[in-house]
Number of protein chains: 2
Amino acid sequence: MMKKGLLIVVSAPAGCGKDTILECAFNVCPHLHYSVSATTRTIREGEQEGVHYFFKSIEEFKKMIKTGELLEYTQYAGNYYGTPKAYIPSMLESGKDVVMKIEVDGASNIKKLFPSCVLVFILPPSFEELERRLQKRGTEDAKTIKTRVDIARIEMSFVKNYDYVIINEKLEEAVKDFAAIVKSEKLSVKRGFPTVK
Amino acid sequence: MMKKGLLIVVSAPAGCGKDTILECAFNVCPHLHYSVSATTRTIREGEQEGVHYFFKSIEEFKKMIKTGELLEYTQYAGNYYGTPKAYIPSMLESGKDVVMKIEVDGASNIKKLFPSCVLVFILPPSFEELERRLQKRGTEDAKTIKTRVDIARIEMSFVKNYDYVIINEKLEEAVKDFAAIVKSEKLSVKRGFPTVK
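These lines cover the structure that appears in this document, whether it is placed above or below.

Here is what the cut-offs are and how they apply
Residues numbered from 1 in each chain as written. Chains lettered and ligands numbered in written order. Predicted model: local features only at pLDDT ≥ 70, side-chain atom pairs only at ≥ 80, totals over all residues. Heavy atoms only, no water. Least-squares fit on C-alpha atoms with pLDDT ≥ 70 in both. Contact = heavy atoms within 4.5 Å. Core = buried A, V, L, I, M, F, W, Y, C linked by side-chain atoms within 4.5 Å. Buried < 20%, exposed > 50% of the residue type's maximum accessible area, 1.4 Å probe, protein only. Helix = DSSP H or I, 4+ residues; strand = E, 2+ residues; numbered from the N terminus. Buried area = accessible area lost by both parts, 1.4 Å probe. Salt bridge = Lys/Arg side-chain N within 4 Å of Asp/Glu carboxyl O. Polar contact = N/O pair within 3.5 Å; in protein donor to acceptor, adjacent residues only side chain to side chain.

Considering the relation of the copies chain B and chain A
1) Next: Expressed as a screw operation, the relation of chain B to chain A combines 0.0 Å of axial shift with a rotation of 180 degrees, fitting to an RMSD of 0.0 Å. The operation mapping one copy onto its partner corresponds to a two-fold rotation axis. For chain B, the minimum C-alpha distance to the rotation axis belongs to Ala180(B) and amounts to 2.2 Å.
2) Next: When the interface residues of chain B are mapped onto chain A, 100% of them are again interface residues, pointing to one common binding face.

Rendered as structure tokens:
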């Protein structure tokens, strides 16, 4: 019997290193696949359409909402983010492990739709450090950074709805933490176990 | 707030490599501590009193049962195995992670006493391979090996009571599996999470 794939939902306040952790984790866990989200936020250097996100105009995104093409969507710091309905159930059925990056309120919706999914929250070691990282990234102005740090403080209260929490103090350790969560969930008896002959 | 230690209960049919896996896992997870069991089985080469087991005569063991000095005990392939009551709760309270090796029926008792413990079952890739490994070990005669393989087949039915199952096909992978389980359980939100300031 083929085991169903694992759905891993990852959330993090902006600047916590979610994308970098996942990028590194995908190198050590080549069995992982991204669920590609749709977003109205501006494309960043190095990002590719259909790989990192499906970049949409606000009009296009609103049309997707209206026609029921999204599993969930949320608005965050002025941009829309959403998960296209299309491929997650079929990926899981075919035994593939899917990683979905979504905002904190979207995560609870996914848990309702896929109760066996694993919710992972990534946090910075401190809010001071988060602010430093956002400044270093240099993609947002001072006002936006302040807003993002304020939002991060609010998002903290969502941790209790998650299964695991990773503190991204050192990237290498955070990547190991993420890989360990994926590995151990796949060894979990509640997900089925092999018959020894 | 200091997090309570993790209690990891490990069971495996004889010859599945439980001791070797744990020995290697302790090298990569130096924060682990053994819960030392009492047993009436014969001491093997390289084993030390108080480190691997407390080796007891049948009379001594029966006295420990009578005076209530054991958390649980079981009889297996003609020998007694038991867990002294003394130090587990105090180890966990002081934040130490404790590994307890016990037989399958003992594991359920420990789960009742420590509901937050993690139950790990180690299995061989096949019963044929298990027999080969027992023969290679050379510590049991042919009849005992047959008994042990028969017992292993029965023990398989206990897997469903466990949290995780590791198939020891390659030692290195099994050690990584074990370390991942420990790491991820320590990141689990249900065990408490740090407050970011």
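Right, picking up where we left off after that structure.
A few points about the nonpolar core
It is characteristic of soluble globular proteins that their nonpolar side chains tend to be buried jointly.
1) Next: Counting 106 residues, the largest nonpolar core has Leu7(A), Phe178(A), Leu7(B) and Phe178(B) as its most contacted members.
2) Next: Among the elements that line this core, the one with the most residues is helix 7 (residues 171–187) of chain B, at 7 residues.
3) Next: With near-sequence residues (within four places) excluded, Leu7(A) lies in contact with Ile88(A), Leu92(A), Val98(A), Met100(A), Ile110(A), Phe114(A), Cys117(A) and Val118(A).
4) Next: With 6 residues, the next largest nonpolar core counts Ala14(B), Tyr53(B), Tyr76(B) and Ile151(B) among its residues.

A word on the interface of chain B and chain A
1) Next: Between chain B and chain A, the residue contacts involve 29 residues of the former and 29 residues of the latter.
2) Next: In total, about 2,400 Å² of surface goes out of reach between chain B and chain A, with carbon and sulfur atoms giving 72% of it.
3) Next: Per-residue buried area on chain B facing chain A is highest for Leu187(B), Val189(B) and Val196(B); these three make up 27% of the total on that side.
4) Next: Here chain B and chain A share 4 salt bridges between them.
5) Next: Across the salt bridge formed by Lys183(B) and Asp177(A), the nearest N and O atoms sit 3.3 Å from each other.
6) Next: At the boundary of chain B and chain A, one finds 9 residue pairs in polar contact (both at pLDDT 80 or more).
7) Next: The greatest single-element share of the side of chain B that touches chain A, amounting to 8 residues, is contributed by helix 7 of chain B.

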